[in-house]
Amino acid sequence: MSDPKTHPCPRIPVAVLGATGTVGQRFVRLLADHPWFRLEALAASERSAGKCYRDAVTWVQTQPLDERVAQMTVRTCEQILDGRHELVFSALGGDVASEVEREFARRRLVVTNASAHRMDADVPLLVPEVNPDHLDLLAAPAAGARLPAGIVANPNCSTIGLVLALKPLADTIGIDRVSVVTMQAVSGAGLPGVSSYQILDNVIPWIPGEEEKLEIETGKILGRVEGGRIEPAALAVSAQCNRVPVVDGHTLCISVGLRAPAQLDEVREAWRAFRAEPQALGLPSAPPRPTVYLGDDEPPQARLHREFGKGMAVTIGRLRECPVLDARFVALSHNTLRGAAGGAVLAAELVVARYGR
């Protein structure tokens, strides 16, 4: 029989902040028929407030908009602050997220895709298969509450693909140096994103702030909780980030320095064997295999492999020795599913499995 802790009943009422943007739309699609969560409130800017969601949003998802959600009235964040929803998903822009998310987090759980609180000392920067123990930073739920109040942050979309590829190696062999070059999809820039004139027939070898996020966030995620704070991993990361004319899917060319000598077969086996707490718990959004090794002669490609595990798996290929470090390979992750809304929903599921009743 399944563990009843992983099947909350009744469904938890949730809200989405920033519901009309690209990531907000992904949240809406994933939550419309989620088995654990019931979408009850949508918030966006004042220009969208008062409209039904159908009229407020420029829907860019490939699946049709759920009819119940389409008829919901969009509110401002202030208007839903006192609502009865126990969990909030935030897709707010960084310019407004900081204050708004802290206000909501005073009385409920906020799972955010924004960058505002990622490096806060009291905020778990969570990739559920990689650092579930970081949820220990959250206080226990208040009396009568199913979930703890506070913030859980989703990392940068490229960082998520990177740490999922690194975690099995860090656990089995050890890593001390990483060099990563990203080729990032245009959907990562949000709406309206990069203009067609800029990106067509072009590669843009700079995404403001992106390289710093990869270099700093990776150490926090792979670090350990000690004395109520996170001790970052002793890991040197060098990142170079590029925007490329791909709709969805971030490709990462990665070289790693290993702490111990290892054969390439050991590296392959680490990815193939990797399972973690979300798989053990059978969380609804967890892929059966979080890291899928395609083969030495089968590099991951965005158009072919971004939907593996319903967009929640990282595909890896083209492993070979590196003449500068020790091993090099290519990884691919879906930036708006695993790297954004899907990763945040999975994080919320893990919190519910640990605390919810």
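The text that follows walks through the structure, step by step, so that each part is easy to find. (Residues numbered from 1 in each chain as written. Predicted model: local features only at pLDDT ≥ 70, side-chain atom pairs only at ≥ 80, totals over all residues. Heavy atoms only, no water.)

### What to know about the sheet that holds strand β6 (residues 150-153)
Two pairing modes exist for strands in a sheet, parallel and antiparallel, and in both the strands are linked by backbone hydrogen bonds.
Here is step 1 of the chain: The 6 strands lie next to each other as β3-β2-β1-β4-β5-β6, forming an open sheet whose pairing is parallel. Looking along the sheet, the strands with just one partner apiece sit at the ends: β3 (74-75) and β6.
Here is step 2 of the chain: Here strand β4 (residues 87-90) pairs with strand β5 (residues 109-112) via 4 bridges, running parallel. Bridging across to β5, L87 finds its partner in L109. (Pairing = 2+ DSSP bridges. Helix = DSSP H or I, 4+ residues; strand = E, 2+ residues; numbered from the N terminus.)

### What about helix α9 (residues 264-273)?
Here is step 1 of the chain: Every buried residue of α9 is accounted for by L264, V267, R268, A270 and W271. Along α9, the residues classed as buried sweep out an arc of 155° about the axis, all on the same side.
Here is step 2 of the chain: Next to the buried residues of α9 lie α6 (157-172), β12 (291-295), β13 (314-321) and β14 (327-333). (Buried < 20%, exposed > 50% of the residue type's maximum accessible area, 1.4 Å probe, protein only. Arc of directions from axis to C-beta. Contact = heavy atoms within 4.5 Å.)

### Focus on the pairing of β13
Here is step 1 of the chain: The sheet contact formed by β12 and β13 spans 4 bridges and is parallel. Looking across to β13, one finds that Y293 is bridged to I316.
Here is step 2 of the chain: Relative to β14, β13 runs antiparallel, the two being bridged by 5 bridges. Opposite T315, over in β14, you have L332 as the bridge partner.
Here is step 3 of the chain: Adjacent in sequence and paired antiparallel, β13 and β14 are bridged by 5 residues.

### Re the pattern of salt bridges
Here is step 1 of the chain: Taken as a whole and judged by the stated rule, the model has 21 salt bridges.
Here is step 2 of the chain: R102 is paired through a salt bridge with D122; the nearest N and O atoms lie 3.1 Å apart. Residue R102 is found in helix α5 (residues 94-105), and its partner D122 is found in the loop between β5 and β6; the two are separated by 20 residues along the sequence.
Here is step 3 of the chain: Look at R102 and you get partly exposed, because its relative accessible area is 30%.
Here is step 4 of the chain: We note a salt bridge from D136 to R354, for which the minimum N-O separation is 3.8 Å. With D136 in the loop between β5 and β6 and R354 in helix α13 (residues 337-355), this residue pair connects regions lying 218 residues apart in the sequence.
Here is step 5 of the chain: Ionic contacts of the salt-bridge type, sharing partners, join the residues D82, E103, R106 and R107 into one network. (Salt bridge = Lys/Arg side-chain N within 4 Å of Asp/Glu carboxyl O.)

### Describing the nonpolar core
Here is step 1 of the chain: By size, the foremost hydrophobic cluster in this structure holds 56 residues, and its most contacted members are L17, F104, V178, I254, V256 and F329.
Here is step 2 of the chain: Setting aside anything within four residues of it in sequence, one finds V256 in contact with L166, I175, R177, V178, L325, D326, A327 and F329. (Core = buried A, V, L, I, M, F, W, Y, C linked by side-chain atoms within 4.5 Å.)

### So, the pairing of β5
Here is step 1 of the chain: Judged by which residues are buried, β5 turns out to be covered on both faces: L109 and V111 on one side and V110 and T112 on the other are all buried.
Here is step 2 of the chain: With α5 bridging β4 and the parallel β5, this β-α-β connection has right-handed handedness.
Here is step 3 of the chain: For β5 and β6, the ladder comprises 4 bridges, and the chain directions are parallel. Within the sheet, the bridge partner assigned to T112 lies in β6 and is A153. (Right-handed = clockwise from strand over helix to strand, strands pointing away.)

### Focus on the packing of aromatic side chains
Here is step 1 of the chain: Using the criterion set out here, one finds 5 aromatic pairs in the structure.
Here is step 2 of the chain: Between Y53 and W59, the aromatic rings sit 6.3 Å apart at their centres with planes inclined by 80°, giving edge-to-face as the arrangement.
Here is step 3 of the chain: Judged by its relative accessible area of 0%, Y53 falls in the buried class.
Here is step 4 of the chain: Aromatic side chains W271 and F329 sit 4.8 Å apart centroid to centroid with 70° between the ring planes, which places their arrangement in the edge-to-face category. Taken as a pair, W271 in helix α9 and F329 in strand β14 lie far apart in primary sequence, 58 residues in all.
Here is step 5 of the chain: The structure contains a cluster of three or more aromatic residues connected by ring pairs, namely F27, F37 and F89. (Phe/Tyr/Trp six-rings, centres within 6.5 Å; stacked < 30°, edge-to-face > 60°.)

### With respect to the sheet that holds strand β11 (residues 250-258)
Here is step 1 of the chain: Pairing is mixed across the open sheet formed by 6 strands, whose spatial order is β10-β7-β11-β14-β13-β12. The open sheet is flanked by β10 (236-243) and β12, the only strands paired with a single partner. This sheet shows a mean twist of 25° between the axes of neighbouring strands, independent of strand direction.
Here is step 2 of the chain: Of the strands in this sheet, β12, β13 and β14 are in contact with α9, which crosses β13 at around 175°. (Axes fitted to C-alpha atoms, helices over the stretch in contact; angles between N-to-C directions.)

Nothing here speaks to function; it is all geometry.
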